[in-house]
Amino acid sequence: MTPTVLVYDPIIEIPWDYEVERDLLSRAGVRLVVPENDVVRDAALVEADVVVVCSGMPDDVLGRLPRCVGIVCYGVGMNAVSSAAAAAAGVPVTNVPGFCTEEVATHALALILALNRSLPSFAAAGRAGTWDLTSIQGFGELRRLSTLRVGVVGMGRIGSAVAAACVALGCVVVGHDPNITSSPVPSADLVGWEELLATSDMLVLCASLSTGEGPILDAAAFEAMRHGASIVNVARGGLVDEGALSEALSSGRLAGAALDVRATEPPPYDDAITKLPNVILTPHMAAISQQSDAELHGGAAGRILELLRRSGRLS
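Residues numbered from 1 in each chain as written. Predicted model: local features only at pLDDT ≥ 70, side-chain atom pairs only at ≥ 80, totals over all residues. Heavy atoms only, no water.

**Focus: the overall build of the chain**
Right, on to step 1. Scanning the chain from terminus to terminus reveals 10 helices and 12 strands.
Right, on to step 2. A globule of 315 residues ought to have a C-alpha radius of gyration of about 20 Å, and the chain, at 22 Å, matches this closely.
Right, on to step 3. Here the C-alpha coordinates of the chain stretch approximately 70 × 45 × 35 Å along the principal axes.
Right, on to step 4. Across the 315 residues that make up the chain, the buried fraction comes to 47%.
Right, on to step 5. With an accessible surface of roughly 15,000 Å², the chain has 55% of that area assigned to carbon and sulfur atoms.
Right, on to step 6. Each charge class in the chain can be summarised by its mean position, and for the 21 positive and 35 negative side chains these summaries are 4 Å apart. (Helix = DSSP H or I, 4+ residues; strand = E, 2+ residues; numbered from the N terminus. Rg over C-alpha atoms; globule rule 2.2 N^0.38 Å. Buried < 20%, exposed > 50% of the residue type's maximum accessible area, 1.4 Å probe, protein only. Areas by Shrake-Rupley, 256 points an atom, 1.4 Å probe, with all protein chains shown as cover. Lys, Arg positive; Asp, Glu negative; His and termini not counted. Charge placed at Lys NZ, Arg CZ, Asp CG, Glu CD.)

Set out below in structure tokens:
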């Protein structure tokens with residue numbers, strides 16, 4: 001049989017196609033199915049050798065994949081599929097690592113700099129013609145960048161790139177990652193969770209999130225943080241208890257937050273965080289560039305072929 005690959009939940013929110021993947025797979029004799037509706041998708045499940053998941057796939061779908069030899073999460077994060085459910089079904093799950101490391105690290109750095117300079121307040125004042133600096137929120141709180149202690153949560157590819165960039169700018173940088181025992185970045189020491197919270201002026205989330213995990217930044221964590229600290233999240237919205245974040249920002253315990261990701265995307269119309277003046281929001285776009293898009297297409301096709309060859313479905 002011709003190996004078949006199914007894109008379970010094709011991206012439709014933005015102009016996107018899978019023609020690069022289709023071309024690369026067809027050269028190897030592999031058929032790609034990008035379903036136009038749920039009926040076509042469900043019919044293709046029984047013949048899928050590999051499934052590509054972009055946003056999320058319910059656990060019970062794993063029981064409807066008799067031929068599946070692997071799942072590719074279409075991106076860096078792997079929380080779109082339950083690792084426990086996949087392991088129980090005996091289906092390996094992989095991702096497309098590295099395609100957007102530079103982009104996400106750059107975006108994180110941009111958010112760090114914007115918070116450090118209270119850019120939203122001053123930009124709004126400039127547009128409004130307000131030149132009385134003392135009347136602008138954040139005027140008396142500006143600090144030299146080199147005096148900041150930046151704490152990076154998750155020291156993988158992206159976290160390490162963020163840490164290295166902050167070190168280069170003169171910041172004091174520390175990292176926390178329970179999966180490693182030594183820091184991959186010179187001058188960025190690993191510290192414990194409690195020390196990271198208590199001593200960081202800027203906390204940057206670059207950690208992964210597994211399906212079913214709760215937030216790592218909750219009310220207790222915000223209470224343990226240095227008063228007047230800020231957070232940047234370029235990882236996953238589920239890492240943050242957003243109710244607790246809203247309270248910490250409103251009370252002044254946190255000075256600000258810059259979020260590229262949210263627990264619910266897009267957030268609801270009555271979202272409290274969206275209305276706060278000390279918050280910078282971008283719509284989950286940190287990974288985007290012409291180059292990263294190209295590497296995602298090619299990298300996904302490469303992962304698919306790797307799974308097929310490893311399983312013997314493709315020579």
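**Topic: the pairing of strand β9 (residues 202-205)**
Regular strands have side chains that alternate between both faces of the sheet.
Right, on to step 1. Every second residue of β9 is oriented toward a common face, with M202 and V204 on one face and L203 and L205 on the other, all of them buried.
Right, on to step 2. In this sheet, β9 lies alongside strand β6 (residues 149-153) in parallel orientation, the contact comprising 4 bridges. Across the sheet, residue V153 finds its bridge partner in β9, namely L205. (Pairing = 2+ DSSP bridges.)

**Side note on the environment of A88**
Right, on to step 1. Among the secondary structure elements, A88 is positioned in helix α3 (residues 83-89).
Right, on to step 2. Judged by its relative accessible area of 72%, A88 is exposed.
Right, on to step 3. Expressed as a C-alpha distance, the spacing of A88 and L62, which sit 26 residues apart in the sequence, is 9.5 Å.

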